[in-house]
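For reference, the chains in residue letters:
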Number of protein chains: 4
Amino acid sequence: MKFLSLAVLFVLMAFTQTTRKKVIFFGDSITQAGVQPTGYITKVGEMATRDKLADGYEFIGAGIGGNKIYDLYLRMDDDVLAKSPDIVIVYIGVNDVWHKRSLGTGTDYDKFEKFYNAVVKKLTDKGIKVILATPAVIGERTDYSNELDGDLNRYSALIRSIAEKSKLQLVDLRKAFLDYSKANNPENKEQGILTTDRVHLNEKGNELVASEMWKAIRNAK
Amino acid sequence: MKFLSLAVLFVLMAFTQTTRKKVIFFGDSITQAGVQPTGYITKVGEMATRDKLADGYEFIGAGIGGNKIYDLYLRMDDDVLAKSPDIVIVYIGVNDVWHKRSLGTGTDYDKFEKFYNAVVKKLTDKGIKVILATPAVIGERTDYSNELDGDLNRYSALIRSIAEKSKLQLVDLRKAFLDYSKANNPENKEQGILTTDRVHLNEKGNELVASEMWKAIRNAK
Amino acid sequence: MKFLSLAVLFVLMAFTQTTRKKVIFFGDSITQAGVQPTGYITKVGEMATRDKLADGYEFIGAGIGGNKIYDLYLRMDDDVLAKSPDIVIVYIGVNDVWHKRSLGTGTDYDKFEKFYNAVVKKLTDKGIKVILATPAVIGERTDYSNELDGDLNRYSALIRSIAEKSKLQLVDLRKAFLDYSKANNPENKEQGILTTDRVHLNEKGNELVASEMWKAIRNAK
Amino acid sequence: MKFLSLAVLFVLMAFTQTTRKKVIFFGDSITQAGVQPTGYITKVGEMATRDKLADGYEFIGAGIGGNKIYDLYLRMDDDVLAKSPDIVIVYIGVNDVWHKRSLGTGTDYDKFEKFYNAVVKKLTDKGIKVILATPAVIGERTDYSNELDGDLNRYSALIRSIAEKSKLQLVDLRKAFLDYSKANNPENKEQGILTTDRVHLNEKGNELVASEMWKAIRNAK
């Protein structure tokens, strides 16, 4: 009896393992924090459990603080391709814009496009499903008066157009955050709605990102 | 006969001089170019003539390329107060925002407010009528994807609020330009609608600025 | 007996008051911290006491964090001239250079010169003795490989030339710091020699500044 | 007779082709201009001819304006490796530093190191001889008062240390330019000594670069 059940278990495990989809979240400090207890990746896991789909997925965070698109390109062999994922969510762009201001080392718009396309191509060439996410916010004012709104809008529009051209799923966090803030930030505050510091996610921010991500992951065929 | 007419002329001139309102346009390179044959200040003069009000005004350009709010503060004794104007239009802010990006020498938001208020106070303390103008554009895309739209919106909102608090007339060029571009820039171009180079005015731009300015000047009691 | 001693005291006080030189240190956060227990202004006071000259001076800190040359210009009426000082030490320039990088709001070289000369003129016009100080360091590496060394050298050279042309005393902190670091920073560290954080003074830094300042103050006739 | 000499020629050509060393100059706009009639690569060719070594080398320019180290990394497969060179001269760094100031899109020091090492590794892994060059100048003043001297010194020191660790030949243009300017720029001019515009080479600049490069190429065993 005992042996039998173990055997069944092994069969089930083997079955489970072969059908579990490996999902890698590929990004910057926001994604690095995503694996923490209240982080968005943890929350995606909880949503999968809630929806009784936890056995179908393995969620892996691959975020490094300060990363820009070309950092992803440089480290994608080691940190992504080597793990043979089924799905990769590319969630990048905040530092490409922000570091223009804070460090003088942001990413030119045309270079951003080049490297972004190179990252997408390397992934899709391997048959990996790719989901793209727009950078959410650097400052939560809703009247486009955050210092870097201009570039965030422009780089996000580029990501949307890459998703469209390449027929990839899009998680439009920039739009989702603006929609949320327009409804929930009547005082036009710079932070504290979905972020702690204009950029990094608070509890509500992590929930919003997780829920948008989870929708896209479930959708990925 | 000859003497008589000359005498009449002198009387008329004296009369004219005492009633002519001296209007100084105080600003940056946009205003420096305003006195050229097709510049906005020249056009304001033409509008005054068209409206048969040319005798009531003297229009003086006091724009210097690259100026920011604190440059206006430093040179206002020599370039404005020494000329005893009746009306001063403060048209500044583009370089305060732009030079953050291009030269690293823009103006902090809080310092902009301080110097702006100091300029306004010095003028109103002398009984001069002050008209404020918002900086129009750095890039003419209409979806808030010009790199510096965030700061331009923020600094413009500040000028609007100073105008409101101080009960000063406002020439809201930023709003006027956006309204115009939304109707006339369907391809979302960065320049060529009202500017030649994202910032400096083309013929249509000079017309729009002149017409908004002239409305405010006529209104100034 | 009691009345007599009180009378003597009043006479002494009156005498002291009329001969005490009022010295204002006019600057940024480094000077703001200068009045703290181990700050450089406090140490100048201790040096005066040590040299039995404390009765001859009153030392006043007028430093505000983040200040650049044009902030000094804007607030000099209230914070300096209103106090009728005998000696003013202008110690500014770090933020004019640094904020180019960190905030995009540094000061153009030509504007720095203009405002610097305007500050000096306003002070000397009142008969105040003016002492100029060069900005010491942003980073303590000794091989000119600190990111902002180029501008610090250039703005310091300008201050030196203003001092020479205007025959004003110079406290050349930039030179003093480099000389000290060349002798005491064999590992070419970026901080920790005379600063805590590349910019703000540690104990040794405060001592060096105080000693250079005190030399100049004693020299001021 | 005619057939015989042609046959000899073919043999000689075949022989020449197999022994010619293919040298690729891999860089930015300075290298892009290097293939022009008076450019430094053209001059290297002339020096090879002068030294009767022209048959031993093929010189190829692979410079693209605005390139930074990560652009080289992105395009090295197509523009360098695909051509199977014997020697590659990596001459990059000016834009990595300069664009911090002019565009906000320079390269972080640690990322510069990472990508630089990645470029070198990819080349040496293929058995290609690699020669490294330091970025010469952004401004020719000799007292370290050019705005970007700090970073240029730092990034150049890094390249020197990579050359040393990896036992690669170094063409230390930064040192060569400074040495030349100290001897030939008594008025401490910002440009016009070896550059036309603080960065791009004039005739003398092209000669100096060519002569330093040619020395290193001849040396490469």
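Residues numbered from 1 in each chain as written. Chains lettered and ligands numbered in written order. Predicted model: local features only at pLDDT ≥ 70, side-chain atom pairs only at ≥ 80, totals over all residues. Heavy atoms only, no water.

(A) Just the sheet that holds strand 2 (residues 57-63) of chain A, in detail. Residue and element names in this part refer to chain A. The strand order 2-1-3-4-5 describes an open sheet built from five strands, whose pairing is parallel. Lying at the two open borders of the sheet, with one neighbouring strand each, are strand 2 and strand 5 (169-171). Averaged over all pairs of adjacent strands, the angle between strand axes in this sheet comes to 20°, irrespective of strand direction. Where strand 3 (residues 87-91) and strand 4 (residues 129-133) come together, five bridges link them in parallel fashion. Note that in strand 4 the partner of Val90 across the bridge is Leu132. Relative to the sheet, helix 3 (residues 40-50) contacts strand 1 (21-27), strand 2 and strand 3, its axis offset from that of strand 2 by approximately 170°. Set on the sheet, helix 4 (residues 69-79) makes contact with strand 1, strand 2 and strand 3; between it and strand 1 the angle comes to about 150°. (Pairing = 2+ DSSP bridges. Helix = DSSP H or I, 4+ residues; strand = E, 2+ residues; numbered from the N terminus. Axes fitted to C-alpha atoms, helices over the stretch in contact; angles between N-to-C directions. Contact = heavy atoms within 4.5 Å.)

(B) Spotlight on the environment of Pro85 of chain D. Residues and elements named next belong to chain D. Tracing the backbone shows Pro85 in the loop between helix 4 (69-79) and strand 3 (87-91). Sequence separation between Pro85 and Ile128 is 43 residues; the distance between their C-alpha atoms is 6.8 Å. Non-local contacts of Pro85, meaning those with residues more than four positions away in its chain, are made with Lys22, Ile24, Val80 and Ile128.

(C) Main features of the interface of chain C and chain A. On the chain A side, the residues contacting the five residues of chain C number five residues. Taken together, both faces of the contact between chain C and chain A bury some 280 Å²; the carbon and sulfur share is 26%. It is Arg101, Ser102 and Leu103 of chain C in chain C that bury the most area against chain A; as a group they hold 84% of the surface buried on that side. Seen at the junction of chain C and chain A, the total is zero salt bridges. (Buried area = accessible area lost by both parts, 1.4 Å probe. Salt bridge = Lys/Arg side-chain N within 4 Å of Asp/Glu carboxyl O.)

(D) Quick look at empty space enclosed by the protein. One pass over the structure, following the stated rule, counts four cavities of 30 Å³ or more. Its boundaries defined by the atoms lining it, the largest cavity holds a volume of some 90 Å³. Looking at the largest cavity, the residues that line it are Lys100, Arg101, Glu147, Leu148 and Asp151 of chain A together with Val97, Lys100, Arg101, Glu147, Leu148 and Asp151 of chain B. Looking at the lining of the largest cavity, the elements with two or more residues in it are helix 5 (94-102) of chain A together with helix 5 (94-102) of chain B. The element best represented in the lining of the largest cavity is helix 5 of chain B, accounting for three residues. Residues of the lining of the largest cavity, tallied by class, amount to three nonpolar, no polar and eight charged. Approximately 60 Å³ is the volume found for the second largest cavity. Of the residues assigned to the lining of the second largest cavity, the class counts are two nonpolar, no polar and five charged. (1 Å grid on protein atoms, 1.4 Å probe; cavity = no way out; pocket = protein on both sides within 12 Å on 5 of 7 lines; lining within 4 Å. Points joined across faces, edges and corners; volume = space filled by probe spheres on them. Nonpolar A, V, L, I, M, F, W, Y, C, P; charged D, E, K, R; others polar.)

(E) Quick look at the relation of the copies chain C and chain A. Overlaying chain C with chain A gives an RMSD of 0.0 Å, the required rotation being 180° about an axis along which the chain moves by 0.0 Å. Taken together, the turn and the small shift mark the pair as related by a two-fold rotation axis. Among all residues of chain C, the one whose C-alpha sits closest to the rotation axis is Ser102 of chain C, at a distance of 2.8 Å. (Least-squares fit on C-alpha atoms with pLDDT ≥ 70 in both.)

(F) A look at the relation of the copies chain A and chain D. Each copy superposes on the other: chain A lies on chain D with an RMSD of 0.0 Å after a rotation of 180° and an axial shift of 0.0 Å. Both copies contact each other with a shared surface, as 100% of the interface residues of chain A are interface residues in chain D too.

(G) Seen up close, the pattern of salt bridges. Applying the stated criterion across every chain, the model contains 69 salt bridges over all chains. The closest approach of N and O atoms between Lys122 of chain A and Asp77 of chain A, which form a salt bridge, is 3.4 Å. Residue Lys122 of chain A is found in helix 6 (residues 109-125), and its partner Asp77 of chain A is found in helix 4; the two are separated by 45 residues along the sequence. Where salt bridges share partners, they join Lys68 and Asp71 of chain A together with Asp108 and Lys111 of chain D into one cluster.

(H) The side chain of Asn206 of chain B, seen in detail. All names here are of chain B. Tracing the backbone through its elements, the reader meets Asn206 in helix 9 (residues 203-219). Residue Asn206 is classed as buried on the basis of its relative accessible area of 8%. Excluding anything up to four places from it in sequence, Asn206 contacts Thr38, Gly39, Tyr40, Lys43 and Leu201. (Buried < 20%, exposed > 50% of the residue type's maximum accessible area, 1.4 Å probe, protein only.)

(I) Broad picture of the interface of chain A and chain D. Taken together, the 18 residues of chain A in the interface contact 18 residues of chain D. Carbon and sulfur atoms supply 58% of the area that chain A and chain D bury against each other, a total of about 1,500 Å² over both sides. Viewed at the interface, chain D and chain A are joined by four salt bridges. The salt bridge partner of Lys68 of chain A is Asp108 of chain D, with a shortest N-O separation of 2.6 Å. Taken together, the links from chain A to chain D amount to 10 residue pairs in polar contact (both at pLDDT 80 or more). Elements supplying a minimum of two residues to the side of chain A that touches chain D: helix 4, helix 5 and helix 6 of chain A. Partitioning the side of chain A that touches chain D into residue classes produces six nonpolar, six polar and six charged. (Polar contact = N/O pair within 3.5 Å; in protein donor to acceptor, adjacent residues only side chain to side chain.)

(J) View of the packing of aromatic side chains. Taken as a whole, this structure holds 54 aromatic pairs over all chains when the rule is applied. Aromatic side chains Phe25 of chain D and Tyr40 of chain D sit 5.7 Å apart centroid to centroid with 80° between the ring planes, which places their arrangement in the edge-to-face category. A residue pair is termed long-range when its members are at least 10 positions apart, and Phe25 of chain D in strand 1 (residues 21-27) and Tyr40 of chain D in helix 3 (residues 40-50) qualify at 15 residues. Here Phe25 of chain D matches Tyr40 of chain D in class, with each residue buried. Among the aromatic residues, those joined into a cluster by ring pairs are Phe25, Tyr40, Tyr57, Phe59, Tyr91 and Trp214 of chain A. The ring of Tyr73 of chain B has Lys122 of chain B sitting right over it, with the charged end atom 5.2 Å from the ring centre. For the cation-ring pair, Arg154 of chain D lies above Tyr109 of chain D, with the distance from its terminal atom to the ring centre recorded as 3.6 Å. (Phe/Tyr/Trp six-rings, centres within 6.5 Å; stacked < 30°, edge-to-face > 60°. Lys NZ or Arg CZ within 6 Å of the ring centre and 35° of its normal.)

So, to be careful, I would describe these as geometric facts and stop short of saying anything about function.
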